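Read off the chains here:
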Amino acid sequence: MTIEMEDSDPSIPTGARRQQRALLSSLRVKDRASPMGREVPSKEKREPRVPEGAVRIPGHRWRRLPATCPAPGRGEQPANPTGAGPAPPAAGGELRPGRPLEARGPGCMGRPRRPCCGPPRPLLLLLLLGAACLGILFLYRWLPERLPARNTKLPRAHLKPKSSNSETRKGQPCTRPLDQAVQKNRRFRDTFDFSTPVLLWGGLFTPKLWDRLSRHKVPYGWKGLPHQAIASTLSLLNRSESAELFATAGEPPPNCIRCAVVGNGGILNGSRQGLAIDAHDYVFRINGAVIKGFERDVGTKTSFYGFSVNTMKNSLIGYKDLGFTSVPQGQDLRYIFIPSSIRDYLMLRSAILGTPVPEGPDKGDRPGAYFGPEASAAKFRLLHPEFIGYLRDRFLKSKLMNTKLDVTYMPSTGALMLLTALHTCDQVSAYGFITWNYWKYSDHYFERKKMPLIFYSNHDLTLEAGLWRDLHRAGILWLYQG
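Residues numbered from 1 in each chain as written. Predicted model: local features only at pLDDT ≥ 70, side-chain atom pairs only at ≥ 80, totals over all residues. Heavy atoms only, no water.

> Could you clarify how one ought to interpret the pairing of strand β5 (residues 304–307) in this entry?
Along any regular strand, the residues point their side chains to alternate faces of the sheet. Neither face of β5 is open: one carries Phe304 and Gly306, the other Tyr305 and Phe307, and all of them are buried. Bridging between β5 and strand β6 (residues 334–337) involves four bridges; their strand directions are parallel. Residue pairing for β6: tyrosine 305 is matched across the bridge by tyrosine 335. Regarding topology, helix α9 (residues 309–318) serves as the crossover connection from β5 to the parallel β6, and that connection is right-handed. (Buried < 20%, exposed > 50% of the residue type's maximum accessible area, 1.4 Å probe, protein only. Helix = DSSP H or I, 4+ residues; strand = E, 2+ residues; numbered from the N terminus. Pairing = 2+ DSSP bridges. Right-handed = clockwise from strand over helix to strand, strands pointing away.)

Put into structure tokens, the structure is as follows:
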């Protein structure tokens, strides 16, 4: 800016003239201090003052670089914010190098903004979210396989432990042990409790156990049952073999135990599953297990026969004309009693002693007619009442328990045997159990004409069907579905 004044104006007093000269002199000093020694342009032409260490980006104002962001050196180009290479110089200006200025606050311009030296905040949050999701997926999917599995086998006092990752006598690896499938499933890893004793024998009978079970009705306890009948029966199951489901006097059981549980559902008629069933290490059968004439569909092998005295006698009466004239017998066969009433304790005691049943509805019966003349304690097993209660409360807690039918409700014989196998075997296959398409088949595979499935009021077969389906989908058991 330039200011000219006339010194010869006579109208201006001498004192005022001196003040004008002093003002003019000060303005000239300021003019000489303007950038590049040029005159300060007018307001319309004035260039914005550029902070040292700032860069010019097209379409944006000059921006300072924070202390954490190095200023571009000479000959360097700042990054183009569009990601298409270095930013071109602004028209009428040049990129000005310089040392970075101290940032004023958390942002690049002295107020909270996204960092200018890293990725945009939304992108950073997206990357962190993706990493978190991958971490959760890793923990859920792969980590359980690498962590040591919890001990899912019972103590020797209740069941002989098995190695779930070793090979069988035939050298076949146990590729899919069910305990690993249980661990991987969110629902069933909290449902299974492998520490619950499966079998009851004399070594577990104590006053404390009597006090605990005498509070619950059969089959979940001993409420109303005479102490002497229970004590005398359990005193005969006094050897360790009574505590082990797979205990044998000869060859030891395989390291990877494969079990088949065969129900009596009509889905097996014409299934031709006999060879597949017999290929298992152990085969469980229940109630009216007719074999003769159906070997091709249900096989011939029987390792365990599960029953209560009530279901065994009803099967012998109801299915006699259909071929069930006696319960399975064999040297290596074992009988699993389900203690649903006092009848089971009395029958078991008489079977071991080889004497007639002394009292009750079965008074005078000779157990040898059912189990063979050479029956001994080694041939019998007894399900623990607490195990039956555990199966009901964890797996088959039916809505019937909230009705008047609670007095008679209990899991079916087939359900108890299948769940027993799931707690003692390494791999389990289920044949002849209720499936979603049950209406297509007869009630039993040995019936000569199709009969509709009967839904008894003391069982919840619909609930059981859903459980078998879910266990099959989880890979915990394999269910034959036709």
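> Teacher, can you tell me more about the sheet that holds strand β9 (residues 478–479) here?
The strands making up a sheet associate through hydrogen bonds between their backbones, and the pairing can be parallel or antiparallel. Taken together, seven strands build an open sheet; the order of strands is β7-β6-β5-β4-β3-β8-β9 and the sheet is parallel. The outermost strands of the open sheet, each flanked by one partner alone, are β7 (380–382) and β9. In this structure, strand β3 (residues 258–262) lies alongside strand β4 (residues 282–286), joined through four bridges in parallel fashion. Bridge pairing in β4 links valine 262 to arginine 285.

> Before we go on, may I ask you to explain the state of the cysteines in this structure?
Working definition: the covalent bond between the sulfur atoms of two cysteines is a disulfide. For the structure on display, the rule yields one disulfide. Covalently, cysteine 259 is tied to cysteine 425 through a disulfide, its sulfur atoms 2.0 Å apart. Note on the cysteine 259 and cysteine 425 pair: the S-S dihedral is about -85°, so by sign convention the disulfide is left-handed. Linking cysteine 259 in strand β3 with cysteine 425 in the loop between α13 (413–422) and β8 (427–431), this pair joins segments that are 166 residues apart in sequence. Side by side, cysteine 259 and cysteine 425 carry an identical accessibility label, which is buried. (Disulfide = S-S within 2.5 Å.)

> It is not clear to me how α13 should be interpreted in this structure. Could you clarify?
Side chains three or four residues apart in an α-helix point the same way, a direct result of the helix having 3.6 residues per turn. Most of α13 sits out of view: ten of its ten residues are buried. For α13, the complete set of buried residues consists of Thr413, Gly414, Ala415, Leu416, Met417, Leu418, Leu419, Thr420, Ala421 and Leu422.

> Help me understand the layout of surface pockets in this model?
To locate leftover empty space, one rolls a probe as large as a water molecule over the atoms. Approximately 1,000 Å³ is the volume found for the largest pocket. Around the largest pocket sit 47 residues that line it, and Asn287, Ser412, Thr413, Tyr456 and His459 are the ones nearest its centre. Residue assignment for the lining of the largest pocket shows that the elements contributing at least two residues are α9, α13 and α14 (461–473). With five residues, α9 is the largest single contributor of residues to the lining of the largest pocket. Residues of the lining of the largest pocket, tallied by class, amount to 20 nonpolar, 24 polar and three charged. (1 Å grid on protein atoms, 1.4 Å probe; cavity = no way out; pocket = protein on both sides within 12 Å on 5 of 7 lines; lining within 4 Å. Points joined across faces, edges and corners; volume = space filled by probe spheres on them. Nonpolar A, V, L, I, M, F, W, Y, C, P; charged D, E, K, R; others polar.)

> Would you take a moment to explain the confidence of the model for the protein chain for this structure?
For residues with low pLDDT, the predicted coordinates do not support detailed interpretation. With 66% of its residues at a pLDDT of 70 or more, the protein chain has an overall mean of 78. A low-confidence stretch, residues 29–45 stays under pLDDT 50, and its non-local contacts, those more than four residues away or across chains, total eleven contacts. In the model, residues 68–116 has pLDDT below 50 throughout and makes 72 contacts with residues more than four positions away in sequence or in other chains. (pLDDT = per-residue confidence, 0-100. Contact = heavy atoms within 4.5 Å.)

> Where do I start with the packing of aromatic side chains in this structure?
Both the distance between ring centres and the angle between the ring planes are used here to describe each pair of aromatic rings. A complete count under the given rule lists 30 aromatic pairs for this structure. Taking the centre distance of 4.6 Å and the plane angle of 40° together, the rings of phenylalanine 246 and tyrosine 282 count as tilted. Placement of phenylalanine 246 in the loop between α6 (227–234) and β3 and of tyrosine 282 in strand β4 is noted, with a sequence separation of 36 residues between them. We classify phenylalanine 246 as buried; its relative accessible area is 1%. Linked through ring pairs, Tyr305, Phe307, Tyr335, Phe337, Tyr370, Phe371 and Phe380 together constitute an aromatic cluster. The residue whose ring lies beneath arginine 392 is tyrosine 220, and the NZ or CZ to ring-centre distance is 4.1 Å. (Phe/Tyr/Trp six-rings, centres within 6.5 Å; stacked < 30°, edge-to-face > 60°. Lys NZ or Arg CZ within 6 Å of the ring centre and 35° of its normal.)

> Before we go on, may I ask you to explain the packing of α9 against helix α10 (residues 342–353) in this structure?
Axes are the key here: two packed helices are described by the angle between their axes and the distance separating the axes. Closest axis-to-axis distance for the α9/α10 pair is 8 Å, and the angle between their directions is 85°. Taken together, the axis directions place α9 and α10 in an arrangement best described as roughly perpendicular. Mapping the contact onto sequence places Val309, Asn310 and Lys313 in α9 and Arg343, Asp344 and Met347 in α10. Classifying every residue of the contact of α9 with α10 by side-chain character gives two nonpolar, one polar and three charged. (Axes fitted to C-alpha atoms, helices over the stretch in contact; angles between N-to-C directions. Parallel < 35°, antiparallel > 145°, perpendicular 65-115°, else oblique.)

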